[in-house]
Amino acid sequence: MRNRNIDWYVLVSVLLMLGIGIIMVLSASSPTTVAGASKDGFLFFRKQLGWIGVGLFGMLVMSRFNYRKLNDLVIPSAVLTVVLLLAVFAFEPRNGAYSWIFIGNYQFQPSELVKLCLILMLARIISVKHDKMDSFIQGLIPPLILIAVVWGLVVIEPDLGTAMVIGITSYIMLYAGGANWKHLGGIALLGCMVASIAVMVEGYRMDRFYGFLNPFEDPLGSTYQIVQSLYAIGSGGFLGVGLGQSMQKFGHIPEQHTDFIFSVLSEELGFVGAVFVIILFVIFASRGYLIARNSRDNFGSMLAIGITTLIIVEAVINIAVVTSSMPVTGITLPFISYGGSSLIFKMAAVGVLLNISRFTQNQQRSIGE
């Protein structure tokens, strides 16, 4: 079977976001790098460009790799997930969390690969138990055990933002897989209770929650990040102050080229630029879920749902955080924020999505013929 077809809506939306991202990384990071030890305003730009090259290669390879063969990687993925999530504790914490593996001058965030491994494992389990998902014991317990193990290891790092992404993505996959809504309601209630406890036991998380309720209560302290983000977004107006003209990126917004890059984008490109980026994510989501709906096998459908949901959930959380629509948590904006691990693995995941689409289109053509 030849696989010539490609979903151009998915590909073009991702390429446009990558293009916008590399420009915004240069704009947002240059003040920091020029003022730093390197004095090189293009430092992060060159690194991001290199990662995009690696990501494009990975996306091309995975778009031509038969996604059905990923079934054979489920058990290795399970082993790799546990190993990676335990390996982080062998390295020094960064920003108070054991989320990174350091190899020489390079650093790797294993949770980015773990998210995809979990999606792969869930897709396999749900597709095999598709007819039993309505049963709590026979259908829901196995994936819940898997989710609980991965979620628990991420929480103790601690990385509550990633745990939230994993929880929401897994929940939507279970819903799409046919789980009983009553069981899902109980799971949602339990998840909210556990998340609430996780927030209450840490003082800095409670500070973020109170800051969310009243962002301007402590503008020079606990709510500094979000206040500066809101200033940037508000300054952008309808058309923005102009590319490269942001004032908030000059030492005011922390993590301005990673977690808060959407703030700089909104300031420089305005409401029009921000909405354009959101539209690209909407296009990606609509096509991703369409690919899932049209897939001829449950495994491909669940893979497509998981990949699409993961990317959209991260985008929604990031934009919600920088607009003070939810408490601050460290989730980057897919394809746009600076970062190697996230970019490379998400582009590889897009390659899998394109491969599912190719097989679906070819099957539909064969039936039509």
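All values reported here derive from a predicted model rather than from experimental measurement. The residue count restarts for each chain, going from 1 along the sequence in the order it is written. At least 70 in pLDDT is required for a residue's local features to be given in this predicted model, at least 80 for side-chain atom pairs to be given and counted, and no such filter applies to totals for whole chains, interfaces and linings, which use all residues. Side-chain numbers here rest on the full set of heavy atoms in the structure, without hydrogens or water.

(A) Structural context of the overall build of the protein chain. When you go through the protein chain residue by residue, the secondary structure sums to 12 helices and two strands. With the C-alpha coordinates aligned to their principal axes, the bounding extent of the protein chain is approximately 55 × 50 × 40 Å. Accessible area is worked out with a 1.4 Å probe on protein chains only. A residue is then buried under 20% of its type maximum, exposed over 50%, and partly exposed in between. For the protein chain, the proportion of its 369 residues judged to be buried stands at 50%. Note on contacts: a residue pair is in contact if any heavy atoms of the two residues lie within 4.5 Å. The contacts of the protein chain with a sequence gap of at least 6 include a subset with a gap of at least 24, amounting to 72%. Here the accessible surface of atoms and residues is derived via Shrake-Rupley with a 1.4 Å probe, and residues count as covered only by protein chains that are part of the display. Accessible area for the protein chain stands at about 17,100 Å²; split by element, carbon and sulfur atoms hold 66% of it. Computed over 23 positive and 20 negative side-chain charges, the inter-centroid distance for the protein chain is 13 Å. Only DSSP runs of H or I covering at least 4 residues are called helices, and only runs of E covering at least 2 are called strands; the numbering of each starts at the N terminus. The charge count includes Lys and Arg as positive and Asp and Glu as negative, but it does not include His or the ends of the chains. The location of each charge is read from NZ of Lys, CZ of Arg, CG of Asp or CD of Glu.

(B) Spotlight on the pattern of salt bridges. A carboxyl oxygen of Asp or Glu within 4 Å of a side-chain nitrogen of Lys or Arg is what we treat as a salt bridge. Following the criterion strictly, the structure yields six salt bridges and no others. In this structure, K115 and E112 form a salt bridge, with 3.3 Å as the shortest nitrogen-oxygen distance. With K115 and E112 both in helix α4 (residues 110-128) and three residues apart, this pair spans about one turn of that helix. Each of the two residues, K115 as well as E112, counts as buried. Residue K115 pairs with E314 through a salt bridge whose shortest N-O separation is 2.5 Å. Taken together, the positions of K115 in helix α4 and E314 in helix α11 (residues 298-322) put the pair 199 residues apart, joining distant regions of the chain. E314 matches K115 in its accessibility class, with the two residues each being buried. A cluster of three or more residues bridged by salt bridges with shared partners is formed by E112, K115, E314 and K346.

(C) Main features of the side chain of T258. Tracing the backbone shows T258 in the loop between α9 (224-236) and α10 (261-294). With sequence-adjacent residues up to four places away left out, T258 is seen in contact with T332, S337 and Y338.

(D) Representation of unusual backbone geometry. Residue E157 is joined to P158 through a cis peptide bond whose omega torsion reads -5°. When you line up the elements, P158 lands in the loop between α5 (136-155) and α6 (160-176). A positive phi angle, near 55°, is found at E255, a position not held by glycine. Note that E255 resides in the loop between α9 and α10. Using a relative accessible area of 37% as the deciding quantity, one classes E255 as partly exposed. The backbone of S324 sits at a positive phi, close to 60°, despite the residue not being glycine. Along the polypeptide, S324 turns up in the loop between α11 and α12 (340-368). S324 gets classed as buried once you look at its relative accessible area, which sits at 16%.

(E) Representation of the packing of helix α3 (residues 74-87) against α5 in the model. Following both chains from N to C, one finds α3 and α5 inclined at 15°, their axes separated by 10 Å at the closest point. Viewed along their axes, α3 and α5 adopt a mutual orientation that is roughly parallel. When you trace α3 past α5, the crossing you get is left-handed. Note on element contacts: α5 touches α3 through V150, L153 and V154, opposite T81, L85 and L86. Each residue is assigned to one of three groups, with Ala, Val, Leu, Ile, Met, Phe, Trp, Tyr, Cys and Pro labelled nonpolar, Asp, Glu, Lys and Arg labelled charged, and all others, Gly among them, labelled polar. For the contact of α3 with α5, a count of residues per class yields five nonpolar, one polar and no charged. With axes taken as lines fitted to C-alpha atoms, and helix axes fitted only over the stretch in contact, angles between N-to-C directions fall between 0 and 180 degrees. Any angle from 65 to 115 degrees is called roughly perpendicular, while one under 35 is roughly parallel, one over 145 is roughly antiparallel, and all others are oblique. Crossing handedness follows the turn of the near helix against the far one: under a right angle anticlockwise gives a left-handed crossing, and clockwise gives a right-handed one.

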